[in-house]
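Each chain, letter by letter, is given below.
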Amino acid sequence: MIKSVVSKEYQDLQEEIVELQKQWKLDLDPEAVRPSLEDQEALNAGVPIAALTVIDFKNSLFLQWIEELIVTLERYNPELETKLAGIIGLLDKETAIRWMDEARSFNQSYFASFASTHGIEEWIPQFLAETTLRPYLQLIAERVQGEIHHAVLGAGCPVCAEPERLAVLEEEGKKVIHCPRCLAHWSAKRLECAHCGNEDHKTIKFLTIEGDAVSQIQVCEQCNGYIKIIDTRQYIEKPSAALLDLNSIHLDFVAQENGYTATREEKLLN
Ligand SMILES: [Zn+2]
Ligand SMILES: [Zn+2]
């Protein structure tokens, strides 16, 4: 399996977006997000902390970020200029807040219908919303990281609900799951499937990639889920989970080519 499964341009663009998000987060007042961990029942049921957070949303920042993002996208693909023209004009404060809320709850149908109502290519609204939501999610994760010790099985990231797909091995082989979306992290059992909790060594397998000594894909025959595991112990500088996820996209391709997904699949009983 060759390592480069996506174009250099795609990789560069994604890395630039990760860098933008890092900068954008610095624009935010730490008090702009107020997560509440009081509702234990909701948390135990897997409600993500981001859904229990009050966000003071700043429209001027949002518009500035969208503009910067559009400029970046157009630099990589000048054909997008006509497709992205006029979008800023649609984003009054009410719409912008709605975008953030719907992106928080992964509401694809809202964005699809927004796109069709305004004659925009389908991927665009959700992509812009998701990209500009992340600095808020990352700020929430940073605020609550000290309280994050585990995830509720099947609920994804405890902060943002993104399905688990990336873990790193730390000292003594300790497995820590990292969310590439909000950058929260929590420990996990080495052999446990993050999606269904299966710990049976007969149905947990590891796929390795030729020429890539630091990565493995842990797959589960019970739920067909997978998670990438990267041994970063030899790394001199540890990249952020967002970059680690991007740079290991070849593993997602291998996992998915072999029929695994980063979410749990309900197996049909026969
Ligand atoms: Zn997350
Ligand atoms: Zn599983």
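Preceding this paragraph is the structure being described.
My aim in this report is to walk through the structure given alongside it, one point at a time. (Residues numbered from 1 in each chain as written. Chains lettered and ligands numbered in written order. Predicted model: local features only at pLDDT ≥ 70, side-chain atom pairs only at ≥ 80, totals over all residues.)

### As for the nonpolar core
The line we're drawing: Nonpolar cores are built from buried Ala, Val, Leu, Ile, Met, Phe, Trp, Tyr and Cys residues. These are joined into a set through C-beta atoms within 7 Å. We call a residue exposed when 12 or fewer other C-beta atoms sit within 10 Å of its C-beta, buried when the count reaches 20 or more, and partly exposed for counts in between; the C-beta positions come from the backbone. Numbering of helices and strands runs from the N terminus; a helix is a DSSP stretch of H or I covering at least four residues, while a strand is a stretch of E covering at least two. Note: domain ranges come from an automatic or database domain assignment. Residues are defined as contacting one another if the C-beta atoms placed from their backbone atoms lie within 7 Å.
In this structure, Leu137, Ile140, Val159 and Cys182 are the most contacted members of the largest nonpolar core, which totals 55 residues. If you tally residues by element for this core, the top one is helix H8 (residues 123-144), at nine residues. Looking at which domains feed residues into this core, each of domain 1 (8-147) and domain 2 (166-257) supplies at least three. Excluding residues that lie within four positions of it along the chain, Leu137 makes contacts with Ala50, Val159, Cys160, Arg181 and Cys182.

### Details of the pairing of strand E5 (residues 185-188)
We apply this condition: At least two DSSP bridges between two strands are required for those strands to pair.
Note: strand E4 (residues 175-178) against E5, four bridges, orientation antiparallel. Counterpart to His178 in the pairing with E5 is His185. What sits between E4 and E5 in their antiparallel hairpin is a turn of six residues, with Leu183 showing a positive phi close to 75°.

### Details of the pairing of strand E3 (residues 166-169)
Relative to strand E8 (residues 226-231), E3 is paired through four bridges, and the arrangement is parallel. Residue Leu169 lies in a different strand from E8, and its bridge partner there is Asp231. Two strands pair when backbone bridges link them, and E3 and E4 are joined in this way by three bridges, in the antiparallel orientation. For Leu169, the partnering residue across the bridge sits in E4 and is Lys175. If you look at the hairpin formed by E3 and E4, you'll find five residues sitting between the two strands, and Glu172 has a positive phi there, around 60°.

### Things to note about unusual backbone geometry
The general pattern is negative phi for most residues beyond glycine and trans for most peptide bonds. At Glu172, a residue that is not glycine, the phi angle is positive and equals roughly 60°. Checked against the element boundaries, Glu172 lands in the loop between E3 and E4. The residue Asn224 is not glycine, and still its phi comes out positive at about 65°. Position of Asn224 among the secondary structure elements: in the loop between strand E7 (212-220) and E8.

So yeah, pure geometry; function would need other evidence.
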